[in-house]
Amino acid sequence: MSQNFINFSEIRDLRTAFDLLDRDQDGHVTPEELQFMLRNLGIHVRDELIDDLLREASRTGSGLIDETEFLQWVARIQALKEESNTSSSGSSSSNSTTQAADDDLTQDLVAAFRVFDRDGNGYITRDELKSAMDMIGENVTEYQLNEMLELADADKDGRINYEDFQKFFLNNLDTFVQPATSGRK
């Protein structure tokens, strides 16, 4: 039997994802906003498909989705994915489960890096870091920005490459992944 619910940690992450998608912060995700994010992640989807997906996810059929519709949409997708995985795999070893978790983390890190690396050149510059922090609603001072860059830039070239990003994130995992006990910001 598959779980047809999303846990609190996933809800927190999905709310953050929704806030990132909703670039103009009007409480709705438009096809253009979704397409922008997907392209930043290196995912190319036809505009017609994006329109159809959002129209299906929207209760009103308007093609705009609010946060609740977004959460419900993702929950339906996860339920379908779990059903598919359950029916296609008879048994799985703990080794393959660990490998799958590692693969998921790697995919998440690459996706996060791509969001920060706005121009897609393989580096996060100081300006891109500032832009990303602004995009997620974190107002950082110049001092904090310099500190983050200093901490994450392992090779001290003034920019963060993927290896720097991965090492920094994995070494500070406890800081980034916290229990979902507090309310939303």
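This is a predicted model, so every value here is computed, not measured.

Draft legend 1. Spotlight on unusual backbone geometry. The phi dihedral of Gln25 falls on the positive side, at around 55°, and the residue is not glycine. Its place among the elements puts Gln25 in the loop between helix H1 (8-21) and helix H2 (31-40). On the basis of relative accessibility, which here comes to 48%, the residue Gln25 falls in the partly exposed class. Even without being glycine, Lys156 reaches a positive phi, approximately 55°. With respect to the element layout, Lys156 can be found in the loop between helix H7 (142-152) and strand S2 (160-161).

Draft legend 2. Up close: the nonpolar core. Ranked by internal contacts, the top residues of the largest apolar core, which has 20 residues, are Leu34, Ile65, Phe70 and Trp73. At the level of elements, H1, H2, helix H3 (47-57) and helix H4 (67-88) are the ones that each hand at least two residues to this core. Each residue touching Trp73, except ones within four places of it in the same chain, is listed here: Leu34, Leu53, Leu54, Ala57 and Ile65.

Draft legend 3. How the structure looks around the UniProt feature "domain: EF-hand" (unreviewed entry) in the chain. UniProt's entry tags residues 9-44, 45-80, 104-139 and 140-175 with the feature "domain: EF-hand" (unreviewed entry), counted in the numbering of this structure. Across residues 45-80, the secondary structure splits into 69% helix and 0% strand, with the terminal C-alpha atoms separated by 20 Å.

Draft legend 4. Here's a closer look at H2. H2 sits mainly inside the fold: seven of its 10 residues count as buried. Trailing H2 by a residue or two, Gly42 shows a phi angle of about 80°, which is positive.

Draft legend 5. Region of interest: the side chain of Glu69. Relative to the helices and strands, Glu69 is located in helix H4. From its side chain, Glu69 meets the backbone nitrogen of Arg59 in a polar contact 2.7 Å long. With residues near it in sequence (within four places) discarded, Glu69 still touches Ala57, Ser58, Arg59, Thr60 and Leu64.

Draft legend 6. Structural detail: the pattern of salt bridges. Tallied over the entire structure, the rule returns nine salt bridges. With its nearest N and O atoms 3.6 Å apart, the salt bridge here joins Glu48 to Arg46. The exposure class of Arg46 is exposed, given its relative accessible area of 56%. With its nearest N and O atoms 3.6 Å apart, the salt bridge here joins Glu150 to Lys156. The class for Glu150 is partly exposed, based on a relative accessible area of 47%. Because the salt bridges share partners, they merge into one network encompassing Arg59, Asp66 and Glu69.

Reading the values: rules and limits
- Residues numbered from 1 in each chain as written.
- Predicted model: local features only at pLDDT ≥ 70, side-chain atom pairs only at ≥ 80, totals over all residues.
- Heavy atoms only, no water.
- Helix = DSSP H or I, 4+ residues; strand = E, 2+ residues; numbered from the N terminus.
- Buried < 20%, exposed > 50% of the residue type's maximum accessible area, 1.4 Å probe, protein only.
- Core = buried A, V, L, I, M, F, W, Y, C linked by side-chain atoms within 4.5 Å.
- Contact = heavy atoms within 4.5 Å.
- UniProt positions renumbered as here; feature names shortened; annotations may be inferred.
- Polar contact = N/O pair within 3.5 Å; in protein donor to acceptor, adjacent residues only side chain to side chain.
- Salt bridge = Lys/Arg side-chain N within 4 Å of Asp/Glu carboxyl O.

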